[in-house]
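# Structural characterization, general
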Amino acid sequence: MTGTRPRPRFVDLSHEIRAGLVTYPGLPAPVISPHLTREDSRSKYAPGTEFAMDMITMIGNTGTYLDSPFHRYPQGTDLAGLALDTLADLPAEVFHLTDATSRGISPDAFNRRGSGLAGSAVLLHTGWDAHFGTPGYAVGAPYLTGAAAQVLIDSGVVLVGIDSLNIDDTESGGERPAHSLLLAAGIHVVEHLTGLAALPDAGASFTAVPPKVAGFGTFPVRAYARL
């Protein structure tokens with residue numbers, strides 16, 4: 001008999017969505033309510049058979065979510081148009097930056113591996129996810145500078161993820177250079193990741209697939225890594 005093939009190990013990189021969750025201060029929290037309760041369903045099905053059907057009302061920017069080009073640009077690709085090969089089983093290049101002395105992630109962070117990033121998902125581990133769900137999450141959060149975003153574009157990356165409040169600096173005004181540059185280049189952005197400390201620098205694969213919603217730019221994903 002041949003040996004059993006070992007199963008891969010998966011690492012969940014997503015925050016749990018629940019009623020009342022505040023992902024980004026100022027945006028509405030999800031509301032979850034029943035459409036059909038188990039009790040009410042008993043009169044509609046055979047004895048011993050019951051179901052629950054629930055409704056959720058939420059903004060697309062809830063929990064761990066993906067930004068498509070349509071989020072920033074009216075002619076950009078929406079969620080329904082995204083190719084699966086840009087969302088699933090991507091080689092993960094993880095940059096562990098928890099010891100950074102500056103909030104802004106500069107091009108220097110990518111110098112060592114910049115030439116080997118083509119086709120990858122670049123994941124920025126800042127450790128800021130430790131503050132998720134608290135008031136401190138919104139203040140002093142790490143972000144990707146515009147210059148560093150351009151380096152990643154030039155390196156041919158497919159997706160960029162971060163475990164912070166935003167990929168841009170939300171405390172410097174209304175400019176969003178990282179969003180603007182990455183999404184214009186067709187590079188997806190995943191924000192509010194968690195658990196990146198468990199990933200190696202390289203060798204894992206990354207998946208973050210949103211539902212196929214037409215005319216929509218952002219939506220929660222179940223982001224995970226396969227080791």
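Before reading on, note that the structure itself is shown above.
Residues numbered from 1 in each chain as written. Predicted model: local features only at pLDDT ≥ 70, side-chain atom pairs only at ≥ 80, totals over all residues. Heavy atoms only, no water.

## Concerning the overall build of the protein
Which entries qualify depends on this criterion: Numbering of helices and strands runs from the N terminus; a helix is a DSSP stretch of H or I covering at least four residues, while a strand is a stretch of E covering at least two. Only C-alpha atoms enter the radius of gyration; for comparison, a globular chain is expected to reach 2.2 Å times N to the power 0.38, where N is the number of residues. Three labels apply to residues, based on accessible area from a 1.4 Å probe with only protein chains included: buried if under 20% of the type maximum, exposed if over 50%, partly exposed otherwise in between. Contact definition: two residues touch when any of their heavy atoms are within 4.5 Å. For accessible areas, the Shrake-Rupley method is used with a probe of radius 1.4 Å. Any residue's cover is judged against the shown protein chains and nothing else. In this tally, Lys and Arg are treated as positive and Asp and Glu as negative; His is ignored, and so are the chain termini. For the purpose of locating charges, the reference atoms are NZ of Lys, CZ of Arg, CG of Asp and CD of Glu.
When you go through the protein residue by residue, the secondary structure sums to four helices and 13 strands. Relative to its length of 227 residues, the protein is compact, with a C-alpha radius of gyration of 19 Å against a globular reference of 17 Å. C-alpha atoms of the protein, sized along the principal axes, occupy 65 × 60 × 35 Å. Across the 227 residues in the protein, those meeting the buried criterion constitute 43%. Within the protein, counting contacts between residues at least 6 apart in sequence, those at least 24 apart form 74% of the total. Per element, the accessible surface of the protein, about 11500 Å² overall, is 55% carbon and sulfur. Looking at the protein, you have 15 positive and 22 negative side-chain charges, and the mean spots of the two groups are 8 Å apart.

## Points about the packing of helix 3 (residues 146–155) against helix 4 (residues 177–184)
Cut-off, in case you're wondering: What counts as an axis is a line fitted to C-alpha atoms, over the stretch in contact for a helix, and the angles between N-to-C directions run from 0 to 180 degrees. When an angle is under 35 degrees it counts as roughly parallel; over 145 it counts as roughly antiparallel; between 65 and 115 it counts as roughly perpendicular; any other value is oblique. Here is the rule for handedness: rotate from the far helix to the near one, and if that takes an anticlockwise turn smaller than a right angle the crossing is left-handed, while a clockwise turn gives right-handed.
One way to put it is that helix 3 packs onto helix 4 with a least axis distance of 8 Å and a crossing angle of 15°. Between helix 3 and helix 4, the interaxial angle falls into the category roughly parallel. Between helix 3 and helix 4 lies a crossing whose hand is right-handed. The residues of helix 4 that touch helix 3, namely those facing G146, A149, Q150 and I153, are P177, A178, L181 and L182.

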